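Observations on the model geometry
Now for the letters of each chain:
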Amino acid sequence: MTNKIVLITGATSGIGMQTAISLASLGATVVVTGRNRQNGEDAIKEIKAISKNNNIELILADVSTIAGIEGLVTEFKSKYSHLDVLINNAGLAANEFKTTEDGFEANFAVNVVAPYVLTTLLLETLKASKKPRVITLTGGDLPSKIQLDNLQSEKSFNGLSTYSQTKIAMMCLMYEYAQKLKKSNITINICYPGQASTRMTQNVTASMLPLLIRPMFPLFKMLVRPDNGKSAKKASRSSVYLATSKEVENITGVYCDKNVHLKAMPEVVTIDYNRKYIWEKVVGLVNG
Ligand SMILES: NC(=O)c1ccc[n+]([C@@H]2O[C@H](COP(=O)([O-])OP(=O)(O)OC[C@H]3O[C@@H](n4cnc5c(N)ncnc54)[C@H](OP(=O)(O)O)[C@@H]3O)[C@@H](O)[C@H]2O)c1
């Protein structure tokens, strides 16, 4: 990965930070983003020390707002003329219904709108590389149906089910993006990291689980107890594979599972109506 430039959102902790360490260890220049300066500076120090690579940079940005993403892109473009790999890693599992300053439901803003806006604003910068790759992280336990009439919890908000709905919506959107860019040099793929002990999973509350599995909450808590980044490291494998492997250099629109096996997208994602509906919806919302 020497001479490659990688941008990873939400890489100041959890899976994103472990991905940054792996890619930096392979020689890439890695730009990590997060919202909090102290967390960010601590993360940069650790990534540099472990990877023995000093080409690591922090850009502070909140990807839950379009203004935040625009600021991130402006700063990135002021320093770099091209981008080899964009990893849309930042994700949100909100524990209650909230809206962002753009008026979007918060899960929808971070998990769906942000990957689309960031990829779009960086398209020319990506195209300036030889074989640019865009990778976006999805969740587990994905629903087999998408609630097109509840994309922003207009009807109901249901903790982790809402999170999963936004992840499947993101997959429809990015799969459609992959189809639209098939003739370009950019590949767009999705990966599932598997469950890891991170801030996101440690912040899950019992009320976010579906009623039926709520009694399993203590077991869930045990599974995500702090482990010094061990499970997050394992969970970074699918992102690292999609970012580095020669095998996927020319492959677009695929799903990489937690065991780093390439799979077809789930059926719900490939249904033309779903992908086109979500594409139109998101483009319409973003362009006002
Ligand atoms: N952990 C799992 O078990 C699991 C399972 C399936 C999928 N995933 C997916 O994997 C990805 C990474 O998850 P994780 O568990 O590693 O999360 P995490 O530990 O909670 O990572 C959070 C990172 O994202 C940043 N961040 C959070 N909100 C942000 C925002 N609005 N704007 C910019 N940066 C933001 C945080 O920094 P600041 O707080 O400083 O902003 C931090 O760097 C997510 O897309 C998640 O959905 C995780």
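Let me begin by describing the structure that accompanies this report. (Residues numbered from 1 in each chain as written. Predicted model: local features only at pLDDT ≥ 70, side-chain atom pairs only at ≥ 80, totals over all residues. Heavy atoms only, no water.)

1. Re the environment of Gly-229
Structurally, Gly-229 can be placed in the loop between helix H8 (217-223) and helix H9 (230-235). Between the C-alpha atoms of Gly-229 and Ala-196, which are 33 residues apart in sequence, the distance is 8.4 Å. (Helix = DSSP H or I, 4+ residues; strand = E, 2+ residues; numbered from the N terminus.)

2. Examining the nonpolar core
Burial of nonpolar side chains together is a common tendency in soluble globular proteins. Ranked by internal contacts, the top residues of the largest apolar core, which has 54 residues, are Phe-76, Leu-122, Ile-146 and Ile-278. When contributions to this core are tallied by element, the ones reaching two or more residues are strand E1 (5-8), helix H3 (66-79), helix H4 (106-121), helix H5 (123-127), helix H6 (159-180), strand E6 (187-191), helix H11 (267-270) and helix H12 (272-286). Broken down by element, the residue count for this core peaks at 10 residues, all from H6. In this structure, Leu-122 is in contact with Leu-7, Val-73, Phe-76, Leu-83 and Leu-86, ignoring residues within four places of it in sequence. Formed by 31 residues, the second largest nonpolar core is a distinct cluster that contains Ala-20, Ile-21, Leu-23 and Val-32. (Core = buried A, V, L, I, M, F, W, Y, C linked by side-chain atoms within 4.5 Å. Buried < 20%, exposed > 50% of the residue type's maximum accessible area, 1.4 Å probe, protein only. Contact = heavy atoms within 4.5 Å.)

3. A short note on the packing of aromatic side chains
Within the structure shown, the criterion is met by eight aromatic pairs. Feature note: the residues Tyr-116, Tyr-177 and Trp-279 constitute an aromatic cluster, connected by ring pairs. (Phe/Tyr/Trp six-rings, centres within 6.5 Å; stacked < 30°, edge-to-face > 60°.)

4. What to know about the pattern of salt bridges
For the coordinates displayed, the defined rule picks out 11 salt bridges. Note that Lys-79 is salt-bridged to Glu-57, the shortest N-O span being 2.7 Å. Taken as a pair, Lys-79 in helix H3 and Glu-57 in strand E3 (residues 56-60) lie far apart in primary sequence, 22 residues in all. (Salt bridge = Lys/Arg side-chain N within 4 Å of Asp/Glu carboxyl O.)

5. So, a positive patch on the surface
Among the surface-exposed residues, Lys-230, Lys-234, Arg-237 and Lys-258 lie close enough to one another that they form a single positively charged patch. Mapped onto the secondary structure, Lys-258 falls in the loop between strand E7 (255-256) and strand E8 (262-263). (Patch = residues over 30% accessible without salt bridge, like charges linked within 9 Å, V, L, I, M, F, W, Y side chains within 5 Å. Areas by Shrake-Rupley, 256 points an atom, 1.4 Å probe, with all protein chains shown as cover. Lys, Arg positive; Asp, Glu negative; His and termini not counted. Charge placed at Lys NZ, Arg CZ, Asp CG, Glu CD.)

6. What to know about the sheet that holds E3
Strand order across the open sheet formed by eight strands is E3-E2-E1-E4-E5-E6-E7-E8, with mixed pairing between neighbours. Where the open sheet ends on each side, the last strands, each with one partner, are E3 and E8. Note that strand E2 (residues 29-34) and E3 share five bridges and pair parallel. When the bridges of E3 are listed, Val-32 appears paired with Leu-58. Docked against the sheet, helix H1 (residues 14-25) engages E1, E2, E3, strand E4 (85-88) and strand E5 (133-137), running at close to 170° with respect to E1. Here H4 sits on the sheet in contact with E4, E5 and E6, set at roughly 165° to E4. (Pairing = 2+ DSSP bridges. Axes fitted to C-alpha atoms, helices over the stretch in contact; angles between N-to-C directions.)

7. Focus: empty space enclosed by the protein
Scanning the entire structure with this criterion turns up two cavities of 30 Å³ or more. Looking at the largest cavity, the residues that line it are Thr-9, Val-63, Asn-88, Ala-90, Val-110, Ala-114, Pro-115 and Leu-118. Looking at side-chain class alone, the lining of the largest cavity contains six nonpolar, two polar and no charged residues. Taken as a whole, the second largest cavity encloses approximately 30 Å³ of empty space. Around the second largest cavity sit Asn-88, Ala-90, Val-110, Asn-111, Pro-115, Thr-136, Leu-137 and Lys-167, which together line it. When residues of the lining of the second largest cavity are traced back to their parent elements, those giving at least two are H4 and E5. In terms of residue count, the dominant contributor to the lining of the second largest cavity is H4 (three residues). Grouping the constituent residues of the lining of the second largest cavity by class yields four nonpolar, three polar and one charged. (1 Å grid on protein atoms, 1.4 Å probe; cavity = no way out; pocket = protein on both sides within 12 Å on 5 of 7 lines; lining within 4 Å. Points joined across faces, edges and corners; volume = space filled by probe spheres on them. Nonpolar A, V, L, I, M, F, W, Y, C, P; charged D, E, K, R; others polar.)

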